[in-house]
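Structural overview for review
So the chains spell out like this:
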Amino acid sequence: MSPISRGFHRRRSEPDAEAGRVPPGQYVTHDFPVLAAGPTQNTPLAKWTFAIEGGQSPVSWTWTEFQALPAETITVDIHCVTRWSKLDTTWRGVSLDVLLEAVSYDAAYVLAFCDGGYTTNLPVADLTGGKAWVAYSYAGSALQPEHGGPARLLVPHLYFWKSAKWVRGLRLRDTDQPGFWETYGYHMYGDPWREQRYAGD
């Protein structure tokens, strides 16, 4: 049976003070719901690496090397395809601008790959220009495994499934290859403001 479901129901909307920050069809939550297609991954930091493949010279970082890279603290709103939005979430991580500067490439797309076999596709243009990070801290503490720790992709302007949990790298590509949820009918891009939840939206 396909894991995709359209059986989401809208909950109570939040006050008008949040108008303009919440995309159509979303409700605001103060919780942080945990959603995953499989078991929570727990990768020992001593074995964790992050790689960028497909460029002229592939690169990778160990956890210690990654922690030494320039990092930023970011406060953003996030929007899940299951219709919840969480406002003013605070993360710390490394910008994809920093990571992609380490490789020479002319690819237009990436396929993010993660522990547990999960993947998701993204245009490079949506990862650069201060729009995306690999985050390892949430709300001032180490990112917990149930929320994608030790590190997850953070692409807050797209639906949150694009912010892949347990991320381990990016594979640069010339073509837009669907990832895990996209093969099950989720939208290839996933803009919450255009309600791009499913293929054809």
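Quick look at the structure, then. Given the structure is predicted, the values throughout are model-derived calculations rather than measurements.

Looking now at the nonpolar core. Counting residues in hydrophobic clusters, the biggest one holds 37 residues, and the most contacted among them are Phe50, Phe66, Leu96, Leu99 and Val134. For this core, the elements supplying multiple residues, two or more each, are strand S2 (49-53), helix H1 (63-67), helix H2 (96-100), strand S6 (109-114), strand S8 (133-138) and strand S11 (167-173). When near neighbours in sequence (up to four residues on either side) are disregarded, valine 134 contacts Phe50, Phe66, Gly93, Val94, Leu96, Leu99, Ala151, Arg152, Leu153 and Val167. Among the nonpolar cores identified, the runner-up in size contains 14 residues, and Trp91, Trp133, Tyr138 and Leu154 belong to it.

This brings us to the sheet that holds S6. Taken in spatial order, the five strands of this open sheet run S3-S2-S11-S6-S7, and their pairing is mixed. One side of each edge strand has no neighbouring strand; the edge strands of this open sheet are strand S3 (59-62) and strand S7 (119-123). Strand-to-strand, the axes of this sheet are offset by a mean angle of 15°, without reference to chain direction. Of the strand pairs in this sheet, S6 and S11 are connected by six bridges, and their pairing is antiparallel. Bridging across to S11, leucine 111 finds its partner in arginine 171.

For the rest of this paragraph, the subject is the pattern of salt bridges. Applying the stated rule across the entire model yields six salt bridges. Across the salt bridge formed by arginine 21 and aspartate 88, the nearest N and O atoms sit 2.8 Å from each other. Placement of the pair is arginine 21 in the segment before strand S1 (27-28) and aspartate 88 in strand S5 (residues 84-95), with a sequence separation of 67 residues. Exposure remark for aspartate 88: the relative accessible area of 48% places this residue in the partly exposed category. Its salt-bridge partner being arginine 197, residue glutamate 195 comes within 2.8 Å of it at the nearest N-O pair. You can call arginine 197 buried: its relative accessible area is 2%.

The rules behind the values
- Residues numbered from 1 in each chain as written.
- Predicted model: local features only at pLDDT ≥ 70, side-chain atom pairs only at ≥ 80, totals over all residues.
- Heavy atoms only, no water.
- Core = buried A, V, L, I, M, F, W, Y, C linked by side-chain atoms within 4.5 Å.
- Buried < 20%, exposed > 50% of the residue type's maximum accessible area, 1.4 Å probe, protein only.
- Helix = DSSP H or I, 4+ residues; strand = E, 2+ residues; numbered from the N terminus.
- Contact = heavy atoms within 4.5 Å.
- Pairing = 2+ DSSP bridges.
- Axes fitted to C-alpha atoms, helices over the stretch in contact; angles between N-to-C directions.
- Salt bridge = Lys/Arg side-chain N within 4 Å of Asp/Glu carboxyl O.

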